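Now for the letters of each chain:
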Amino acid sequence: MAKGHRVVDHIVGFLAASGVSHIFGVDGANIEDLYDAAFFREGITAVLAKHEFSAAAMADGYSRSGAGLGVVAATSGGGCLNTLPGLGESLASRVGVLALIGQAPTALDGRGAFQDTSGENGALDGLALFSAVSVYCRRVVTPADILTMLPEAVAAARSGGPAVLLLPKDIQQAAIDTPTHANGRVNGKPAGTPLSDPRMLAEMLRGADGPITIFAGEQVARDDARLELERLRATLRARVATVPDAKDTAGIPGLGSSSSLGVSGVMGHPGVVAAAAQSAVCLLVGTRMTVTARAGLDDVLGTVPTISIGSAPPYLPCLHVHTDDLRGTLNLLSQALSGHGRPTQVRVPESMAHSELRPPPYDGPGIRYRDAMTVLDAALPDGTDIVVDAGNIGASAIHYLPVRRDGRFMVALGMGGMGYSFGAGIGMAFHRAGGGMRRRTVVIAGDGSFFMHGMEIHTAVQYRLPITFLLFDNHAHAMCVTREQLFYDDRYSYNRFGPSRLGAGLAAMFPGLTALDVDDIEHLPAALRTALESDGPSVVSVECSPDEIPPFAAFLAKSTNTPSTTKENTSHVAARA
């Protein structure tokens, strides 16, 4: 039972006062005091995951969904080390996450303690490890440290990226006197946040003699600047493309869908390159334009005047204006370009037909990716949130499946870790289920991702979350099979699995779970209806083939032996997915 006021009580009290409602983690000896404090704190729900990577993904997905700061908690040793890949994704994608990491008691530092990560006397150095995957990392060594380090960590995470506090068990249990909590404003920009001056960009846009193309990025989603982006697009009469991990920032009904070009990059739509090449100016909004996002565009963006606004400069040279408040700065930019400041020579481009990559025909066994996405598009109602994993099926969903009106479309391409979608989808579902909203989250993943982290489905069952897992079962790490075929002459395969029946298996494992197997396209619509109408979680396993080539530009150039602006490049083709 909780006694006195401990450091852990201060932590959960500060987070609750700041608007945090969930902590995701896996319990253990050196973090159990935090769980104890959460039990006695009204307004905080401590969620027990099955694996720390998934707990970190839950916090990441929760943050990306717009819920505010995602918080992950893990015990010492292997438990905390399991969070590193998830925090690495949050760092690469600049997602605000707070990690509370338990440590062995300080009295045992460097003395052979079980799971010692103090860095003392040859022990593993947790501070060095976690500093590499965070924007802020501190080891709390006295109870009073928490009074300054916790607000600093929250502020650092809010700026974009993971912040880590290493918490020895004795420090967690120590008594502390603290003032009454003030709202730490974790879930919004603090009052008085300075806005950047976009006048340089306004001058260039005002002088544009021809069409303007906007590339919308991940910061638009992170700052929820969708409406501000659409206002700017309408003011400029521009066409808009999105990077793959910002697909839901533009082009959905009500947000300039008639001017949408689709997705850029290696999984994107060919019309994006053509539109950019015809532009007088390209404007990058909230994106660094990674190789995955700009594949096929390097030559174009090197010749067309390109300007940028966002929290970090792009990877290609261009005029860049920094802003940590994209919503406010986009409003200023729209104001500067309205009325007498409106560009006079910007031409409304002719409508451009929606374009798709064309994988070679495949008539082997299994359901085609394109056909499955067509059925899914017809089945998913407005308001559905979609979370996509890595691999062939992820590329297909990014390329073929439209975003739902009033729904989110989430994919993590910072590190591209397989299995991310299971935890992230659960984190999003917890946010969406709050306040009585029982809107459904749909996770799209392959069997390779499922075998890594799919047992997190049990967490969805435990909490009765409104989430449907679509498992595309091609009995392989299919993207790696495609690479073996295209780049190693199909002489061997390390990446094909034995047969599986995931729906039947999960139904047997988790009594009461709606879990179905689908072998042909005719039965997919009914299976989806059953799954989407379920009260709680559900699973549909879709039989497909590892030999079908997905809509992935680098693969298509190789498979057709034709010249392409997108060549095989290990920096944008997943090594394993």
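A quick note: this is a predicted structure, and the numbers were derived from the prediction, not measured.

## What about the overall build of the protein chain?
Turning to step 1, where the next piece is worked out: Scanning the protein chain for helices and strands turns up 24 helices and 18 strands.
Turning to step 2, where the next piece is worked out: For a compact globule of 577 residues, the expected C-alpha radius of gyration is about 25 Å, and the protein chain comes in at 24 Å, within 12% of that figure.
Turning to step 3, where the next piece is worked out: Every one of the 577 residues in the protein chain was classed for burial, and the buried ones make up 59%.
Turning to step 4, where the next piece is worked out: Contacts in the protein chain between residues far apart in sequence, at least 24 positions, make up 76% of those at least 6 positions apart.
Turning to step 5, where the next piece is worked out: When the accessible surface of the protein chain is totalled, it reaches about 21,900 Å², and 53% of it is carbon and sulfur.
Turning to step 6, where the next piece is worked out: Charged side chains of the protein chain number 46 positive and 56 negative; the gap between the two group centres comes to 6 Å.

## Overview of the packing of helix α1 (residues 7-17) against helix α2 (residues 32-39)
Turning to step 1, where the next piece is worked out: At a minimum axis distance of 9 Å, the contact between α1 and α2 shows a crossing angle of 55 degrees. As summarised for this structure, α1 and α2 are arranged oblique, according to the angle between their axes. You can see that α1 and α2 cross each other, and the crossing is right-handed. Here Val8, Asp9, Ile11 and Val12 of α1 come into contact with α2, specifically with Asp33, Leu34, Ala37 and Ala38.
Turning to step 2, where the next piece is worked out: Looking at the contact of α1 with α2 residue by residue, the classes come out as six nonpolar, no polar and two charged.

## Digging into a nonpolar patch on the surface
Turning to step 1, where the next piece is worked out: Side chains of Leu81, Leu124 and Leu129 sit close together on the surface and give an oily, nonpolar patch of about 210 Å² of accessible area.
Turning to step 2, where the next piece is worked out: Note on placement: Leu81 falls in helix α4 (residues 78-81).
Turning to step 3, where the next piece is worked out: Residue classification places Leu81 among the partly exposed residues on the basis of a relative accessible area of 31%.

## Concerning the environment of Pro499
Turning to step 1, where the next piece is worked out: Within the secondary structure, Pro499 sits in the loop between α21 (478-487) and α22 (502-509).
Turning to step 2, where the next piece is worked out: The exposed category is assigned to Pro499, whose relative accessible area is 82%.
Turning to step 3, where the next piece is worked out: A sequence separation of 24 residues divides Pro499 from His475, and the C-alpha atoms of the two residues are 6.0 Å apart.

## Regarding the nonpolar core
Turning to step 1, where the next piece is worked out: Counting 52 residues, the largest nonpolar core has Phe130, Ile457, Phe469 and Leu506 as its most contacted members.
Turning to step 2, where the next piece is worked out: No fewer than three residues from each of domain 1 (7-173) and domain 3 (369-557) sit in this core.

## Things to note about the sheet that holds strand β13 (residues 385-388)
Each strand in a sheet pairs with another by means of backbone hydrogen bonds, the pair being arranged parallel or else antiparallel.
Turning to step 1, where the next piece is worked out: Strand order in the open sheet formed by six strands is β14-β13-β15-β16-β18-β17, and the pairing between neighbours is parallel. With one partner strand each, in any of the chains shown, β14 (409-411) and β17 (514-518) form the two edges of the open sheet. Across the sheet, the axes of successive neighbouring strands diverge by a mean angle of 15 degrees, strand direction being ignored.
Turning to step 2, where the next piece is worked out: As judged from the four bridges shared by β13 and strand β15 (residues 441-446), these two strands associate in the parallel manner. Its bridge partner being in β15, Ile386 is matched across the sheet by Val442.

Conventions used here
- Residues numbered from 1 in each chain as written.
- Predicted model: local features only at pLDDT ≥ 70, side-chain atom pairs only at ≥ 80, totals over all residues.
- Heavy atoms only, no water.
- Helix = DSSP H or I, 4+ residues; strand = E, 2+ residues; numbered from the N terminus.
- Rg over C-alpha atoms; globule rule 2.2 N^0.38 Å.
- Buried < 20%, exposed > 50% of the residue type's maximum accessible area, 1.4 Å probe, protein only.
- Contact = heavy atoms within 4.5 Å.
- Areas by Shrake-Rupley, 256 points an atom, 1.4 Å probe, with all protein chains shown as cover.
- Lys, Arg positive; Asp, Glu negative; His and termini not counted.
- Charge placed at Lys NZ, Arg CZ, Asp CG, Glu CD.
- Axes fitted to C-alpha atoms, helices over the stretch in contact; angles between N-to-C directions.
- Parallel < 35°, antiparallel > 145°, perpendicular 65-115°, else oblique.
- Left-handed = near helix turned anticlockwise from the far one by under 90°.
- Nonpolar A, V, L, I, M, F, W, Y, C, P; charged D, E, K, R; others polar.
- Patch = residues over 30% accessible without salt bridge, like charges linked within 9 Å, V, L, I, M, F, W, Y side chains within 5 Å.
- Salt bridge = Lys/Arg side-chain N within 4 Å of Asp/Glu carboxyl O.
- Core = buried A, V, L, I, M, F, W, Y, C linked by side-chain atoms within 4.5 Å.
- Domains from an automatic or database assignment.
- Pairing = 2+ DSSP bridges.

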